[in-house]
Amino acid sequence: MTRIRAWLGKSIAAIVFVLGIIALITTVISIRSCSTMQTAKTEVKLATGQTDAAINSGADAVNTVGNAAATATEIHQTAKEGTDAIQAAPAGDSNDAADRAACRMRIYRHSTKCITLLGPAP
């Protein structure tokens with residue numbers, strides 16, 4: 001009987017030890033799995049954010065190019081109107097037409113001379 005109890009005690013201790021090792025291994029695997037899953041979620045969020053940023057950057061670039069083209073068209077139109085006005089001015093009045101044409105350009109609109117000539121800039 002004593003031998004059986006000793007053998008049972010050793011067997012139970014071995015079983016508890018093996019179950020402890022199995023529980024430890026299961027815990028480590030679970031933690032690693034959760035960590036890997038969290039890393040994957042973070043990578044997906046980062047990739048999505050980078051994609052959105054690239055799309056927004058492209059849209060900004062297109063808008064910038066479009067705005068630059070519109071500004072260039074406006075400048076060319078203003079210059080053409082000014083040139084036409086200078087050429088149509090009677091002899092001796094071309095300086096006045098040139099001043100008015102220059103004052104229609106954005107860079108000169110707020111100068112004192114242009115405000116006096118054309119009034120306050122819009």
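Right above here is the structure, for reference.
Figured I'd write up the structure that's included with this text. (Residues numbered from 1 in each chain as written. Predicted model: local features only at pLDDT ≥ 70, side-chain atom pairs only at ≥ 80, totals over all residues. Heavy atoms only, no water.)

Looking at the overall build of the protein
Threshold: We count a stretch as a helix when DSSP gives it H or I for four or more residues in a row; a strand needs E for two or more, and each element gets its number in order from the N terminus. Atoms counted for the radius of gyration: C-alpha only. Globule rule: 2.2 Å times the number of residues to the power 0.38. Buried, partly exposed and exposed residues are distinguished by accessible area as a fraction of the type maximum, computed with a 1.4 Å probe on protein chains only: under 20%, between the cut-offs, and over 50%, respectively. Method for areas: the Shrake-Rupley scheme with a 1.4 Å probe, in which residue coverage is limited to the protein chains shown. In summary, the charge assignment counts Lys and Arg as positive and Asp and Glu as negative, without counting His or the chain termini. Think of each charge as sitting on NZ of Lys, CZ of Arg, CG of Asp or CD of Glu.
The helix and strand tally for the protein stands at 3 helices and 0 strands. Traced from its N-terminal end to its C-terminal end, the protein shows the element sequence α-α-α. Whereas a compact globule of 122 residues would reach a radius of gyration of roughly 14 Å, the protein reaches 41 Å, over 25% beyond that. Across its three principal directions, the C-alpha atoms of the protein cover 135 × 25 × 15 Å. Here the protein, with 122 residues, has 7% of them falling under the buried criterion. For the protein, the exposed area adds up to about 10,000 Å²; of that, 66% sits on carbon and sulfur atoms. Side chains of the protein give 12 positive and 9 negative charges; the mean places of these two sets differ by 33 Å.

With respect to a nonpolar patch on the surface
Stated precisely, the cut-off is as follows: Within the patch definition used here, like charges are joined within 9 Å and nonpolar side chains (Val, Leu, Ile, Met, Phe, Trp, Tyr) within 5 Å, considering only residues with over 30% relative accessible area and no salt bridge. In what follows, salt bridge is the name for a side-chain nitrogen of Lys or Arg lying within 4 Å of a carboxyl oxygen of Asp or Glu.
Together, Ile15, Phe17, Val18, Leu19, Ile21, Ile22, Ile25 and Ile29 give the surface a local cluster of nonpolar side chains, amounting to about 780 Å² of exposed area. Among the secondary structure elements, Ile22 is positioned in helix H1 (residues 2-88).

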